[in-house]
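Examination of the molecular architecture
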Amino acid sequence: MHGRLKLRPPDAARRRQREEKLRHYREAMDALLGGAPPAQVLSLSAAVLAANPDVGTCWNLRRRALGALGGDWVPSELAFVGQCLGVNPKSYGAWHHRSWVLARAAAPPAGREDLALCERLLAADSRNFHAWDHRRAVARDPEAELAFTGSLLSRDFSNFSAWHQRLRLLAPARERGGAGAGALPPAKLREELELVQNAVFTDPTDQSAWVYLRCILSRAPPPPRVICVHIDREDATVAVIFSRPVRVNPECPELTATLDGSALTEPWRSGEGRPRPSHTWLCALPALPSDHPAHLEVTWAPDSTPRDVRLLPGEAQACWQEPIVERELFWPELGVAEAQVLQDQVQMCRELLELEPQSRGCLLTLALLLAALDPRGHAREIREHLRSLQEADPLRSGFVADVRSRFEVALAILGAGEGLSLPAKELTAVPLLERMAALARLDLAGNELRELPAALGALRSLTELDLSDNRVSKLGSAPPLPRLRLLRLDRNPIGHASALTPLAAWPRLALLGLAETPLGSAPDGPALLAELLPAVDVTFS
């Protein structure tokens with residue numbers, strides 16, 4: 001158990017004690033494995049398990065013996081398992097055996113004894129997930145369970161397991177809540193928000209209540225859906241872009257497309273060329289004469305809503321894109337639609353920050369709430385809170401940097417046209433590019449990027465990409481960009497021509513900037529690059 005001091009006997013006495021215990025164990029196991037009768041199996045296994053409940057073989061033999069003996073052995077067996085759990089409250093074998101015994105009871109037990117057992121064990125260790133899982137299995141009264149978690153939280157607001165149990169108990173109410181998909185009913189939401197307020201004002205530095213607050217304001221992530229369909233006459237490719245990475249089975253695809261009424265039979269492939277979930281899935285098209293129109297219809301089976309794109313005569317490409325919902329960029333899981341509820345939480349966070357300006361949970365929650373309400377109007381305040389959060393929580397500086405990067409990218413997307421400019425924003429990641437499939441120019445110079453953005457393959461119309469002054473040392477599995485002509489990688493730590501191998505698959509790449517990179521001064525570096533990219537004009541100055 002946590003915090004319990006273990007006293008060790010003198011070495012000689014301890015050796016004799018272990019040798020005696022080992023001798024008894026071997027004798028019992030030899031008898032058990034030698035085909036002992038069921039009654040003897042029960043007595044021998046009881047002796048072994050009472051000393052060490054983690055011997056899985058004994059539990060298996062015990063179950064066979066109980067099945068062979070028959071009779072009503074459920075009460076005595078439950079009592080025995082309770083004794084074993086007193087020896088080791090986290091014994092996987094003991095908890096599994098208890099569930100097995102309960103499942104074979106002639107009449108389902110009322111559960112009071114099991115609830116009392118779980119309560120005793122949780123009083124000794126509130127993080128005993130075995131006890132929590134068993135309690136969830138035997139409890140029948142959600143209101144009584146809510147009261148139980150409330151009593152635990154009244155004694156210790158940092159009991160993360162109790163918050164988690166409470167959230168699970170509220171799941172049915174969230175599913176039928178009238179305030180929006182995944183949101184709690186208004187009256188219940190007010191109760192929970194009041195409980196959270198008491199917790200955070202009691203201990204603003206504890207993270208459990210803040211996590212719970214963000215959870216009850218959220219909903220389950222929406223299922224993936226098609227957000228963009230792009231057809232390219234010159235590249236003879238259709239690109240389907242999803243809101244979240246998905247896997248498309250080439251043999252039995254849920255993604256289907258028809259061109260002028262005829263089904264496309266070519267297999268789907270990911271934008272990255274690897275068999276793994278991806279935002280972007282591509283399918284080859286038959287040759288499309290430039291003077292003919294084309295009508296493409298794409299259907300994703302889980303959604304079933306067809307998406308139509310029409311390519312007019314003379315057009316090189318066409319695109320359908322779902323309108324951007326501002327809130328989805330900043331807090332896509334937010335389930336509470338009522339602005340006043342969010343405003344009240346903003347006010348609560350601001351009051352708390354005056355008392356505890358270094359509260360990490362408060363800084364993060366306030367930044368998310370402000371971004372959900374009015375990101376452009378609160379941009380300055382959000383940046384200040386995220387900067388304060390990074391100072392208050394240096395051990396999670398990478399996480400905070402990614403949160404800040406998402407905010408800066410989302411803010412730029414709201415005002416973007418054909419170009420997206422994000423220079424010198426200290427970005428460590430570039431999310432949400434799947435929302436900008438029609439983008440022609442992307443400026444990411446002067447940031448902290450170590451690799452190309454994950455959803456870069458969604459930018460089917462991109463012609464210029466500036467990644468100068470970042471920390472990119474290799475391109476990895478960079479997806480081919482069919483229309484990219486200019487790529488700037490100046491002042492990145494690229495030292496080998498092989499790091500740029502993926503560029504050989506970029507069909508229209510014409511200009512590559514590598515000024516002040518180690519590759520320019522590497523032996524045979526320029527020569528190897530010229531061999532790799534013979535049609536590309538490379539500049540090292």
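Reading the values: rules and limits
Residues numbered from 1 in each chain as written. Predicted model: local features only at pLDDT ≥ 70, side-chain atom pairs only at ≥ 80, totals over all residues. Heavy atoms only, no water. Axes fitted to C-alpha atoms, helices over the stretch in contact; angles between N-to-C directions. Helix = DSSP H or I, 4+ residues; strand = E, 2+ residues; numbered from the N terminus. Parallel < 35°, antiparallel > 145°, perpendicular 65-115°, else oblique. Left-handed = near helix turned anticlockwise from the far one by under 90°. Contact = heavy atoms within 4.5 Å. Nonpolar A, V, L, I, M, F, W, Y, C, P; charged D, E, K, R; others polar. 1 Å grid on protein atoms, 1.4 Å probe; cavity = no way out; pocket = protein on both sides within 12 Å on 5 of 7 lines; lining within 4 Å. Points joined across faces, edges and corners; volume = space filled by probe spheres on them. Core = buried A, V, L, I, M, F, W, Y, C linked by side-chain atoms within 4.5 Å. Buried < 20%, exposed > 50% of the residue type's maximum accessible area, 1.4 Å probe, protein only. Salt bridge = Lys/Arg side-chain N within 4 Å of Asp/Glu carboxyl O. Lys, Arg positive; Asp, Glu negative; His and termini not counted. Pairing = 2+ DSSP bridges.

Structural notes on the packing of helix 9 (residues 160-169) against helix 12 (residues 208-216)
Contact geometry for helix 9 and helix 12: axes closest at 9 Å, N-to-C directions at 15°. Our classification of the angle between helix 9 and helix 12 gives roughly parallel. Crossing of helix 9 over helix 12 shows right-handed handedness. Residues Phe160, Trp163, Arg166 and Leu167 of helix 9 lie in contact with helix 12, whose contacting residues are Ser208, Ala209, Val211, Tyr212, Cys215 and Ile216. When grouped by side-chain class, the residues that make up the contact of helix 9 with helix 12 number 8 nonpolar, 1 polar and 1 charged.

Things to note about the layout of surface pockets
Taken as a whole, the largest pocket holds about 910 Å³ of empty space. Along its surface, the largest pocket is lined by 42 residues, and Leu329, Pro332, Arg406, Pro431 and Leu432 are the ones closest to its centre. Those elements that provide at least two residues to the lining of the largest pocket are strand 2 (237-246), helix 13 (326-330), helix 15 (360-373), helix 16 (379-392) and helix 17 (397-414). Within the lining of the largest pocket, the residues separate by chemical class into 27 nonpolar, 3 polar and 12 charged.

Examining the nonpolar core
Formed by 127 residues in total, the largest nonpolar core has its most connected members in Leu487, Leu500 and Leu512. For this core, the leading source of residues is helix 15, giving 10 residues. Contact partners of Leu500, with chain neighbours within four places excluded, come to Leu475, Leu489, Ile494, Leu512, Leu514, Leu519, Leu529 and Leu532. Counting residues in hydrophobic clusters, the runner-up holds 24 residues, among them Val226, Val240, Phe242 and Cys283.

What to know about the pattern of salt bridges
Using the criterion set out here, one finds 29 salt bridges in the structure. Glu27 is paired through a salt bridge with Arg23; the nearest N and O atoms lie 2.9 Å apart. Here Arg23 and Glu27 lie together in helix 1 (residues 11-33), a separation of 4 residues that amounts to about one turn. By relative accessible area, Glu27 is classed as partly exposed at 43%. Note on Arg23: relative accessible area 38%, which makes it partly exposed. Among the salt bridges present, the one from Arg491 reaches Glu516, with a minimum N-O distance of 3.7 Å. Remark: Glu516 occurs in the loop between strand 14 (511-513) and helix 18 (518-521) and Arg491 occurs in the loop between strand 13 (486-488) and strand 14; sequence separation between them is 25 residues. On the basis of relative accessibility, which here comes to 61%, the residue Glu516 falls in the exposed class. One network of salt bridges, with partners in common, ties together Arg166, Lys188, Glu191 and Glu192.

Considerations on the side chain of Glu434
Positionally, Glu434 belongs in the loop between strand 10 (419-421) and strand 11 (441-443). Look at Glu434: it is buried, it has no salt bridge, and the nearest opposite charge is Arg435 at 5.1 Å.

Structural notes on the environment of Met348
Within the secondary structure, Met348 is located in helix 14 (residues 339-355). Accessibility expressed as a relative area gives 5% for Met348, which makes it buried. For the pair Met348 and Glu516, spaced 168 residues apart in the sequence, the C-alpha separation amounts to 50 Å. Discounting chain neighbours no more than four positions away, the residues touching Met348 are Gln197, Val200, Phe201, Trp210 and Leu213.

Observations regarding the sheet that holds strand 4 (residues 262-263)
Spatial ordering of the open sheet is given by 4-3-7-8, a layout of 4 strands whose pairing is antiparallel. Each edge of the sheet is formed by a strand with only one pairing partner; in this case those strands are strand 4 and strand 8 (307-311).

Quick word on unusual backbone geometry
Unlike most non-glycine residues, Ala236 shows phi in positive territory, near 50°. Structurally, Ala236 can be placed in the loop between strand 1 (226-232) and strand 2.

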